[in-house]
Amino acid sequence: MLILPRFDYVRPTSIKEAISYNLRSKNALYLAGGTDLIPRMKLGLNKPELIIDLKGIEDIEGIKADNDTISIGALTTLWELERSKLLQEYFPHLVNAINLTSCETLKTRATIGGNIIQELRCLFYNQSEFWRKAKGLCFKTGGYRCHITGKQNCHANYRSDLGPVLLSLHAKLVLEGPAGRREMLITDLYTGEAAHPYNLFEGEIITHIVLSRKKTKGGYWKLRVRGAIDYPEACVAISVIDGSINIAVGALGPSPYLLTLSTSDLRYLDEFFEKIQPVANTFLEPRYRWEMAKYMAKKLVLQFSKGGKNEHDRGEV
Amino acid sequence: MNMIEVKFKVNGDQVRMLVKPYETLLYTLRERLHLTGAKEGCGLGACGSCTVLINGKPMRSCLVLTLEVEGKDVRTIEGLKKNGGLHILQRKFIEHGAVQCGFCTSGMILTALYLLETEEKIDHEKVIRAISSNICRCTGYQKIINAIEDAAKEVGKWSY
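Residues numbered from 1 in each chain as written. Chains lettered and ligands numbered in written order. Predicted model: local features only at pLDDT ≥ 70, side-chain atom pairs only at ≥ 80, totals over all residues.

Undergrad: Sorry, what's going on with the overall build of chain B here?
TA: Of regular secondary structure, chain B possesses five helices and five strands. For chain B, the N- to C-terminal ordering of α and β elements is β-β-α-β-β-β-α-α-α-α. Principal-axis analysis of the C-alpha atoms places the extent of chain B at approximately 55 × 30 × 25 Å. (Helix = DSSP H or I, 4+ residues; strand = E, 2+ residues; numbered from the N terminus.)

Undergrad: Where do I start with the sheet that holds strand 4 (residues 63–65) of chain A in this structure?
TA: Two modes of strand pairing occur in sheets, parallel and antiparallel, and in both the strands are linked by backbone hydrogen bonds. All names here are of chain A. Strand order across the open sheet formed by five strands is 4-5-8-6-7, with antiparallel pairing between neighbours. With partners counted over all chains shown, the strands left at the sheet margins are strand 4 and strand 7 (180–185), one partner each. When the angles between neighbouring strand axes are averaged without regard to direction, this sheet yields 20°. Pairing geometry for strand 6 (residues 172–177) and strand 8 (residues 205–212), over five bridges, is antiparallel. From the neighbouring strand, leucine 175 faces strand 8, where its bridge partner is isoleucine 206. (Pairing = 2+ DSSP bridges. Axes fitted to C-alpha atoms, helices over the stretch in contact; angles between N-to-C directions.)

Undergrad: Which parts of the structure should I look at to understand the pairing of strand 8 of chain A?
TA: Note on strand geometry: in a regular strand, side chains alternate between the two faces of the sheet. Residues and elements named next belong to chain A. Judged by how many residues are buried, strand 8 sits mostly within the fold: six of eight residues are covered. Here strand 5 (residues 69–73) pairs with strand 8 via five bridges, running antiparallel. By the bridge assignment, threonine 69 is partnered in strand 8 with serine 212. (Buried ≥ 20, exposed ≤ 12 C-beta atoms within 10 Å, placed from the backbone.)

Undergrad: What is the right way to read the domain arrangement of chain B from this model?
TA: A common way to report how large an interface is uses the accessible area buried once the components associate. All names here are of chain B. By the assigned domains, chain B splits into domain 1 (4–76) and domain 2 (88–154). If you average the C-alpha positions of domain 1 and of domain 2, the two centres end up 22 Å apart. Domain 1 puts 13 residues into the contact, and the matching count from domain 2 is ten residues. Looking at the side of domain 1 that touches domain 2, the elements that each hand over two or more residues are strand 3 (51–54) and strand 4 (57–60). Considering each element in turn, the side of domain 1 that touches domain 2 owes the most residues, three residues, to strand 3. Of the residues contributing to the side of domain 1 that touches domain 2, the split by class is six nonpolar, five polar and two charged. (Domains from an automatic or database assignment. Contact = placed C-beta atoms within 7 Å. Nonpolar A, V, L, I, M, F, W, Y, C, P; charged D, E, K, R; others polar.)

Undergrad: Which parts of the structure should I look at to understand the packing of helix 10 (residues 266–274) of chain A against helix 11 (residues 286–305) of chain A?
TA: Describing two packed helices takes the angle between their axes plus the distance from one axis to the other. Residues and elements named next belong to chain A. Close contact between helix 10 and helix 11 brings their axes to 11 Å; oriented N to C, the two are set at 155°. Judged by the inter-axis angle, helix 10 sits roughly antiparallel to helix 11. Crossing angle aside, the handedness with which helix 10 passes helix 11 is right-handed. In this structure, helix 10 uses Leu266, Leu269 and Phe273 to contact helix 11, whose residues at the interface are Lys294, Ala297, Lys298 and Val301. The residue makeup of the contact of helix 10 with helix 11, split by class, is five nonpolar, no polar and two charged. (Parallel < 35°, antiparallel > 145°, perpendicular 65-115°, else oblique. Left-handed = near helix turned anticlockwise from the far one by under 90°.)

Undergrad: Is there a simple way to explain the interface of chain A and chain B in this structure?
TA: Between chain A and chain B, the contact holds 24 residues from the first and 24 residues from the second. Elements with a contribution of two residues or more to the side of chain A that touches chain B: strand 1 (8–10), helix 2 (37–42) and helix 6 (104–107) of chain A. Residue composition of the side of chain A that touches chain B, by class: twelve nonpolar, five polar and seven charged.

Undergrad: Explanation requested: helix 11 of chain A in the structure shown.
TA: Quick reminder: α-helices carry 3.6 residues per turn. Residues three or four places apart thus point the same way. All names here are of chain A. Compared with an ideal rise of 1.5 Å per residue, which puts 20 residues at 28 Å, helix 11 spans 28 Å between its outermost C-alpha atoms and is within 8% of the ideal. Where helix 11 is concerned, the buried positions are Arg289, Met292, Ala293, Met296, Ala297, Leu300, Val301 and Phe304. On an axial view of helix 11, the arc spanned by its buried residues comes to 165°, and they lie on one face. Pointing more than 90 degrees away from the buried face of helix 11 are the exposed residues Arg287 and Leu302. Tucked inside the fold, the buried residues of helix 11 contact strand 9 (217–223), strand 10 (234–241), strand 11 (244–250), strand 12 (257–261) and helix 10. (Expected span 1.5 Å × (residues − 1). Arc of directions from axis to C-beta.)

Undergrad: I tried to follow the domain arrangement of chain A on my own but got confused; where do I start?
TA: Residues and elements named next belong to chain A. Along its sequence, chain A is carved into domain 1 (1–55) and domain 2 (63–117 + 157–305). Once you take the C-alpha centre of each, domain 1 and domain 2 turn out to be 25 Å apart. Taken together, the contact pairs 13 residues of domain 1 with 14 residues of domain 2. Broken down by element, the residue count for the side of domain 1 that touches domain 2 peaks at five residues, all from helix 1 (residues 15–24). When its residues are assigned to classes, the side of domain 1 that touches domain 2 shows seven nonpolar, four polar and two charged.

Below is the structure:
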């Protein structure tokens, strides 16, 4: 039986209260859906002394729309988003990506905020404490070097399905933290460094994800091993915004990669892919994942540069 | 660690008890309330054998802290029986021999129950999609699918 480490639990009712709990504790973690955090705690990867459950806070849940924007509360579950008529109308490829994420009974709990800033994953990281110690700790868990490259840095992988889609949509994030409220583009969230993948301050909470209210054409393709409950081995999201094509490639590095094409000249795409160098941190071979991502990107670019019908096959490879 | 009081409903009965903050709902159900229908398979949310319905939605009880269900309504496989008779899904699982080792069964039935209760029309695709949340390591999926489809036919929700 997998047992959780010992921690205290609080359920604040406002963001201010949640942040003040975080400031008072030396080792606190925020809990949203828990589908990423609870398995990690069970594997001994995180041992917090305090869990701050954000689900008691009401105003960071649900979808709100005005004339210009659609604002998604960070604690909205993927289950709810998948069934939203508004999102289906405006961002069908985002709904398609949610459809391909995980499975129904995990989506009833998983939240969009948690999905975006999920912990990076690696074959040598997401393992039990016993397994990791037998192998010798990797760089990410406090060891001397990375088991994949042998170097003294981390090569974990960002395997969110929704991160790349929101990146291609140029989503805006609203954050609240000890220093107050701020907004940032999702392009600024990612650092590209596996050791510190997100530009977030200590104790900061994503409260809303804001998208401009324009019907956007786009697509999402995902390479996976299993038909259900699987992280992407490689994924490509495309959004056509104001005539230019935004391509976001995920699961091939510590952050998703973004390219904006004004014309659909595929030579730029080749150049762009030269910069992406995946390592052997998932089940499939890195070269294969890279080739497949390139194939998926080309297919999608061709589809949407020709006027782009917004029809969706399941988007699985 | 201090024990914290929690109140919630299990199969219609109000429960009030002290639990540890780091206790999962699965542990509370099995070890304190002796409702052993929900099983711990992987403990990491991959297999679905611990599925219960929380406020009507299927969720993995191994990933839910008991304190998170404060004020909520939990349904387990033990609550399916009505007036001493088995639920239609339970009957169909028996009729079709959809139970092999039985470890995934309660999760499968609760996932199927959600499908049966919420969908207007059910087809083969929807059944497959619903139970893709759950793993049967005996790989007896075909009989499970047959049982669920048969149950859907009997309650008149099957789309011919």
